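Observations on chain architecture
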Amino acid sequence: MAEATKERGIWSGKLAFILAAAGSAVGLGNIWRFPTEAASHGGGVFLLIYLVFAFLIGYPVMMAEMSIGRNSRKNPVGAFKFLASDNKLYMLIGAWGVLCGIMILSYYTVVAGWTFSYVFEELFHFMGMAELSNWFGDTSHGINNALFSVLFMSATIAIITGGVAEGIEKATKTLMPLLILILIILIGYVLTQEGSAKGLSRYLTPDLTKINAEVIFAAMGQAFFSLSLGMGAIITYGSYLPKRENIAGAAAYVTLFDTGIAFLAGLLIIPAMFVAQSNGITIFEGGGLKAGPALIFQVLPNMFHNIGGMWGMVFGVGFFLLLSIAALTSTISLLEVVTAYAIDEHGVQRKKAAMGVGSGILLVSLFISFDISLIGTLDLIFSSIGLPLGGFLICLFVGYKWGPQDAMAELEVGYDQFEKSIVRKAWPVFIKVLAPLAILYNLVSTLFGTF
Ligand code: PHE
């Protein structure tokens, strides 16, 4: 076992694992998806329900995924095979996760490509080269999208090829704090701008009369997406976690960190939308959001251009660069799931696995590059529906097949105070009853419109 673990790779310590899991969680979900979803689903009320889902459903599910991973030391498919060796059907939970991983990565790569392309859009804007700037800023340009998807996927493959610890740990440790710093400075700036107060109040005052099935469904999907749950990314990362670490603690850090960054991103972007609106950019139309996946790529550059001068350039280029890196630590975790599956289950060598799987997924990204309306459809099927569905199945598996006793034995490893902790009392109730019921109710009521 020790040998096998060594070959598969292992995190160098607690911080490394938390950073990697936080790196997976923090990404476009926080800065691209969260503010757009919040703005189009009532602002404050979305934020509130999102937080409830993240802490009451997401956090327990994250602990479940970490335990499955660390106990089995396997990719999602292998993990269910290992823990339920008498019935192969359970493997399908892992297989669904791998499929969701493949499909999410395919469109995520295109959007991640935009963030990187906007580094150049900003750079050329401030150098006064409008034509070049517009070319890099055109998110509907197929060739441009394809080119940046290739770049982004190549970077992801390169890091995955290097193994778990090295690349991911390094990228996350220094750059994440910088991202937070830049968010805070920009929030300070945007709140001084005309129109921002309206955005701020939309974001921070929940209008409870706006709660409906659609808002709850969207907030649930967002919580799963943002915390990287429901498809085995955290199972896979957990499979490299040393036994001495405390799972409940690590999961708490990751949940707090990820929701904290999403909260900050909303504090920046929703007011910025209103500022952009008062600058003449159409953000809201007919009472609703003129949505579309490219929204933040209109709103944020508008803000940087208004800041102008050297600082505009520093923030514009810096922000999109940091966001690209945050997206990269997420694409890494998505590709790692599929790569670990190919390595563990089919005996493929790491390098070959990463290149093979990565190029296959890239083909789908290239297709999407030329028809970006696919992003919304794929996101609905594989994130908003697919991830909560995966989370639901994981809860049932842990609650009724593997069993909370065995799962808790894994949680106890590395957690000295476990016997006396609230986790011990509350976690099984959440996993067996509350989380699966909440997820099921929302999926059924939305999909079948029986609210
Ligand atoms: N959580 C990532 C983000 O917010 C996206 C992701 C989803 C990563 C699912 C892995 C698994 O950007």
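Rules used in this analysis
Within each chain, residues carry numbers counting from 1 in the order of the written sequence. For this predicted model, a pLDDT threshold of at least 70 governs which residues receive local features, and a threshold of 80 or more governs which side-chain atom pairs are given and counted, while totals over whole chains, interfaces and linings are taken from all residues. Note that the side-chain values use all heavy atoms of the structure and ignore hydrogens as well as water. The nearness test applies per residue and asks whether one of its heavy atoms lies within 4 Å of the molecule or strand. Here a polar contact is recorded for every N or O atom pair within 3.5 Å, except that within protein the pair must consist of a potential hydrogen donor and a potential acceptor, and residues adjacent in sequence are included only if both atoms are side-chain atoms. For accessible areas, the Shrake-Rupley method is used with a probe of radius 1.4 Å. Any residue's cover is judged against the shown protein chains and nothing else. In what follows, salt bridge is the name for a side-chain nitrogen of Lys or Arg lying within 4 Å of a carboxyl oxygen of Asp or Glu. Here a helix means four or more residues in a row that DSSP labels H or I, a strand means two or more in a row labelled E, and each is numbered from the N terminus. Think of it in three bands: residues with accessible area under 20% of the maximum for their type are buried, residues over 50% are exposed, and the middle band is partly exposed, with areas taken using a 1.4 Å probe on protein chains only.

1. Observations concerning the site of the ligand
- Looking at the ligand, there are 14 residues lining it, with A25, G29, Y108, F225 and S228 nearest.
- The contact in question runs from an oxygen atom of the ligand to an N or O atom on the backbone of G29, over 2.9 Å.
- At 3.0 Å, a side-chain N or O of S228 approaches a nitrogen atom of the ligand.
- When the ligand is considered free in solution it has 330 Å² of accessible area, and contact with the protein chains removes 100% of it.

2. Quick notes on the pattern of salt bridges
- Under the definition given, this model contains 9 salt bridges.
- R33 serves as the salt-bridge partner of D379, at 2.9 Å between the closest nitrogen and oxygen. Here D379, found in helix α17 (residues 374–402), pairs with R33, found in helix α3 (residues 28–40); they are 346 residues apart in sequence, far enough to count as distant. One exposure class covers both D379 and R33, and it is buried.
- Between E336 and R350 there is a salt bridge; the shortest N-O distance is 3.0 Å.

3. Topic: unusual backbone geometry
- Of note, the phi angle at R73 is positive, near 55 degrees, even though the residue is not glycine.
- Position of R73 relative to the elements: it lies in the loop between α4 (44–72) and α5 (76–83).
- A positive phi angle is found at S228, which is not glycine, with a value near 60 degrees.
- Note that S228 resides in the loop between α11 (213–226) and α12 (233–238).

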